[in-house]
Amino acid sequence: MRQAGAEGPADGPGEAMHALVERLYPICRSITGDGVRATLDIIGEYLPLTRHEVPTGTQVLDWTVPEEWNIRDAYIADAHGRRVVDFAASSLHVLGYSEPVATTLPLSELRSRLHTLPDHPDWIPYRTSYYRRTWGFCLSQNTLDALPDGDYEVRIDSTLADGHLSYAEHVIPGQVPDEVIVSSHVCHPSLANDNLAGIAVATQLALALAAETPYYTYRFLFAPGTIGAITWLARNQDRIDRVKHGLVLACAGDRGALTYKQSRRGDAEIDKVLRHVLAATERPHHIKEFTPYGYDERQFCSPGFDLGVGSLSRTPYAGYPEYHTSADNPDFVSAAAMADTLAVCREAFAVLDRNRRYMNLSPYGEPQLGRRGLYASLGGRSDGQEAQLAMLWVLSLSDGEHSLLEVVDRSGLPFTAVAGAADALHAAGLIKA
Ligand code: ZN
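Residues numbered from 1 in each chain as written. Predicted model: local features only at pLDDT ≥ 70, side-chain atom pairs only at ≥ 80, totals over all residues. Heavy atoms only, no water.

### Some thoughts on the packing of aromatic side chains
Here is step 1: This structure, assessed with the given rule, holds 12 aromatic pairs.
Here is step 2: An angle of 75 degrees between the planes, with centres 5.7 Å apart, marks the rings of Trp 63 and Tyr 131 as edge-to-face. With Trp 63 in strand 3 (residues 63-64) and Tyr 131 in the loop between strand 7 (114-115) and strand 8 (137-138), this pair connects stretches of sequence that are 68 residues apart.
Here is step 3: On the basis of relative accessible area, Trp 63 is assigned to the partly exposed category, the value being 32%.
Here is step 4: Ring centres of Tyr 215 and Tyr 216 lie 5.0 Å apart, and the angle between their planes is 75 degrees; this geometry places the pair in the edge-to-face category.
Here is step 5: What makes Tyr 216 buried here is its relative accessible area of 7%.
Here is step 6: Taken together through their ring pairs, the aromatic side chains of Trp 63, Trp 69, Tyr 97, Tyr 130 and Tyr 131 make up a single cluster.
Here is step 7: Over the ring of Phe 290 we find Lys 261, and its NZ or CZ is 5.1 Å from the ring centre.
Here is step 8: A cation over an aromatic ring shows up here: Arg 356 above the ring of Tyr 215, its NZ or CZ 3.6 Å from the ring centre. (Phe/Tyr/Trp six-rings, centres within 6.5 Å; stacked < 30°, edge-to-face > 60°. Helix = DSSP H or I, 4+ residues; strand = E, 2+ residues; numbered from the N terminus. Buried < 20%, exposed > 50% of the residue type's maximum accessible area, 1.4 Å probe, protein only. Lys NZ or Arg CZ within 6 Å of the ring centre and 35° of its normal.)

What follows is the structure, encoded as C-alpha cells:
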C-alpha cells in the first residue's frame, strides 16, 4: 500500500484538517444528543450552517426519530471506589445509547455487560445499541483480565428522553439550482478515520468551493449515519429531483490507497468522473461495485431515490483492524492522506462542474476553424497540436449524446485540453450546450 503523497506545508489544508480531527475527537457523539450539537458548533466555526432539530417520534420514511440520548458520566469502580473503567478517559467506554444504571454487581454478573476485543487486547471496541434498550461498557481485554473477582459499582448517568435529532447543511450556491450533495456522518464518538477525517475533508472542500463560483449548487450534509440520511431524505423528498450527483465521504484519512465505491447505477456521471480522475492522476486506487452495505450511499441509492451518489474513502469500512476500535485515533489518520483525499475531491468536482454535452451548430462537414481565428489562437503554443485535435474531437462528438468526459475517453486527450477546446468553440459560436 502506498503512503499518501509528500507531507504538505505545516500550515496547509492537511494540517488544518488534522487539527480539526484532534479537536472533535474527545466529544461523545451518537445519533442524537449534545455531542452532535457540539460537533456542529465546531464545524459552524468554519462554515455557516443551517441547523435542523427534528423531534423524537417524527415519522421519517419507514423509520421514527428515536429518543434523544445524552450522557454526563459513567464508570465502573472497584471496592475501594477506584474507577477501573471511566467514561472521562474515553467516550468509547460506554455502549452507545446505554440506558441509565446505578447498581453494584459481582464481576461474574457484570461480565455479560462488558465488551472487549480478545484479538487486540489493549484496544477498546466501539459498540452501540440504538434500537434495543440495554446498557453496557466497552474496555480492553487487558483491563478486564486485571480485574479481581468481587463487587463493582457501576453507574451510567445518561438520559433517554423526548428530544431531537440534529443535523446541519451548508449550501454553496452555483450557477444552476441542480445540486451535488456531499455527505459525511457525524454520529461516531472518539473515532478519527470513521468519521472525523470525512468531516474534516468535507469542511475544507466546502471552503475551497466557496472561493469559486461553481456551476452546480453544492449542498454539504452533516448528519448522523442512517437515521440522519433517512431524515434528510424524508424532509427533502419533494425536491429530490434537484440532486443530480453526490458523494459520501467516510474513512478519508488513513494511509491506505483511495477507494471509490460506485453508485447503485454504476454508470452515473459521478462514477465516470471519479473513475476518470483516479486513473488520470495515476494514483493507486480501487474501484468497487455498489453494495447495499456501508455508509449513507445505502439510503441515497435506495431504489425509490436511486440517486447518482458514490462513496469515496481510503481503506473502506471494516477493511482495517483499527476500524471501530480505540486504535482509530488521531495518530491513525495523517494530514497528507486527508490532503490527498481533498485533492481528489477538488479535481473530481472540477471535472464534474465542467462536464457538458454540446451540440455542433455546424455539423455538415468540418467548420473552417482558420476563418474563425481558432487556428491563429494556437500559434506558437507548444500544445497547439493537442488543442487542435481536441477541437476536432469535440466537434465530432458534439451531437448532444456525448459529454466532454466521453470525448476524453474516446480521444485519450486530457480533460483540460478537451474542456479548453469546448470553451474556444463555444466562444466562436460553433457549439452550444
Ligand atoms: Zn462506523
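Structure shown, so let's carry the discussion forward.
### Re the domain arrangement of the chain
Here is step 1: The domain architecture assigned to the chain consists of domain 1 (12-66 + 164-354), domain 2 (70-161) and domain 3 (357-432).
Here is step 2: Summarising the inter-unit geometry, the C-alpha centres of domain 1 and domain 3 are found 35 Å apart.
Here is step 3: With five residues of domain 1 at the interface, the matching set in domain 3 holds nine residues.
Here is step 4: When domain 1 packs against domain 3, the two sides together hide about 620 Å² of surface, and 60% of this comes from carbon and sulfur.
Here is step 5: Joining domain 1 to domain 3, the criterion identifies two salt bridges.
Here is step 6: Close ionic contact of Arg 354 with Asp 423 constitutes a salt bridge, the shortest N to O distance being 2.4 Å. (Domains from an automatic or database assignment. Contact = heavy atoms within 4.5 Å. Buried area = accessible area lost by both parts, 1.4 Å probe. Salt bridge = Lys/Arg side-chain N within 4 Å of Asp/Glu carboxyl O.)

### Some remarks on helix 6 (residues 227-235)
Here is step 1: Most of helix 6 sits out of view: seven of its nine residues are buried.
Here is step 2: If you check which residues of helix 6 are buried, you get Ile 227, Gly 228, Ala 229, Ile 230, Thr 231, Trp 232 and Leu 233.

### So, the coordination of the zinc ion
Here is step 1: In the first shell of the zinc ion, the protein supplies His 188 (NE2), Asp 194 (OD) and His 324 (NE2), at 2.0 to 2.1 Å from the metal.
Here is step 2: Going along the chain, you hit the donors of the zinc ion in the pattern H-x5-D-x129-H. Each member of the pair, His 188 together with Asp 194, is buried. (Donors = N, O, S within 2.8 Å, 3.2 Å for Na, K, Ca; no water.)

### A word on helix 7 (residues 269-280)
Here is step 1: For helix 7, built from 12 residues, the straight-helix expectation of 16 Å at 1.5 Å per residue is met to within 8% by its first-to-last C-alpha distance of 16 Å.
Here is step 2: Among the residues making up helix 7, those that are buried are Ile 270, Asp 271, Val 273, Leu 274, His 276, Val 277 and Leu 278.
Here is step 3: Downstream of helix 7 by one or two residues, Glu 282 has phi in the positive range, about 55 degrees. (Expected span 1.5 Å × (residues − 1).)

### Some remarks on the sheet that holds strand 18 (residues 399-403)
Here is step 1: Read from one edge of the open sheet, three strands run 18-17-19, paired in antiparallel fashion. Two strands bound the open sheet, and with one partner strand each, they are strand 18 and strand 19 (431-432).
Here is step 2: As paired elements, strand 17 (residues 357-360) and strand 19 share two bridges and run antiparallel to each other. Each residue of the ladder has a partner; that of Asn 360, found in strand 19, is Ile 431. (Pairing = 2+ DSSP bridges.)

### A closer look at the sheet that holds strand 5 (residues 83-86)
Here is step 1: Overall, antiparallel pairing links the four strands, which are arranged 5-4-9-6 in an open sheet. Where the open sheet ends on each side, the last strands, each with one partner, are strand 5 and strand 6 (101-106). Pairwise comparison of adjacent strand axes, ignoring direction, gives a mean angle of 20 degrees for this sheet.
Here is step 2: One ladder, built from six bridges, connects strand 6 with strand 9 (residues 151-161); its direction is antiparallel. Looking at strand 9, one finds that Pro 106 is bridged to Asp 151. (Axes fitted to C-alpha atoms, helices over the stretch in contact; angles between N-to-C directions.)

### Considerations on the pattern of salt bridges
Here is step 1: The tally for this structure, following the rule as stated, stands at 22 salt bridges.
Here is step 2: Taking the shortest distance from any N to any O, the salt bridge between Arg 133 and Glu 99 comes out at 4.0 Å. Of this pair, Arg 133 sits in the loop between strand 7 and strand 8 while Glu 99 sits in the loop between strand 5 and strand 6, placing them 34 residues apart in sequence.
Here is step 3: A salt bridge links Arg 314 to Asp 340; its shortest N-O distance comes to 3.1 Å. Of the two residues, Arg 314 sits in the loop between strand 16 (309-313) and helix 9 (335-354) while Asp 340 sits in helix 9, which places them 26 residues apart along the sequence. A single burial state applies to Arg 314 and to Asp 340, both of which are buried.
Here is step 4: Linked through salt bridges whose partners overlap, the residues forming this network are Asp 34, Arg 37, Glu 53 and Glu 68.

### Comments concerning the pairing of strand 16
Here is step 1: In terms of burial, strand 16 is largely enclosed, as five of its five residues are buried.
Here is step 2: Examined bridge by bridge, strand 13 (residues 243-249) and strand 16 share four bridges and lie parallel to one another. Its bridge partner lying in strand 16, Leu 247 is registered against Gly 310.
Here is step 3: Direction of pairing for strand 14 (residues 258-261) relative to strand 16: antiparallel, over a ladder of three bridges. Bridging from a neighbouring strand, Tyr 260 pairs with Leu 312 of strand 16.

### So, the nonpolar core
Here is step 1: Core analysis: the largest hydrophobic core is formed by 75 residues, its most contacted members being Phe 220, Phe 222 and Phe 349.
Here is step 2: By residue number, the principal contributor to this core is helix 5 (residues 192-210), which donates 10 residues.
Here is step 3: Two domains each provide a minimum of three residues to this core, namely domain 1 (12-66 + 164-354) and domain 3 (357-432).
Here is step 4: Apart from residues lying up to four places away in sequence, Phe 222 is in contact with Leu 40, Ile 43, Leu 47, Leu 49, Tyr 167, Ala 168, Ser 184, Val 186, Ile 199, Ala 202 and Thr 203. (Core = buried A, V, L, I, M, F, W, Y, C linked by side-chain atoms within 4.5 Å.)

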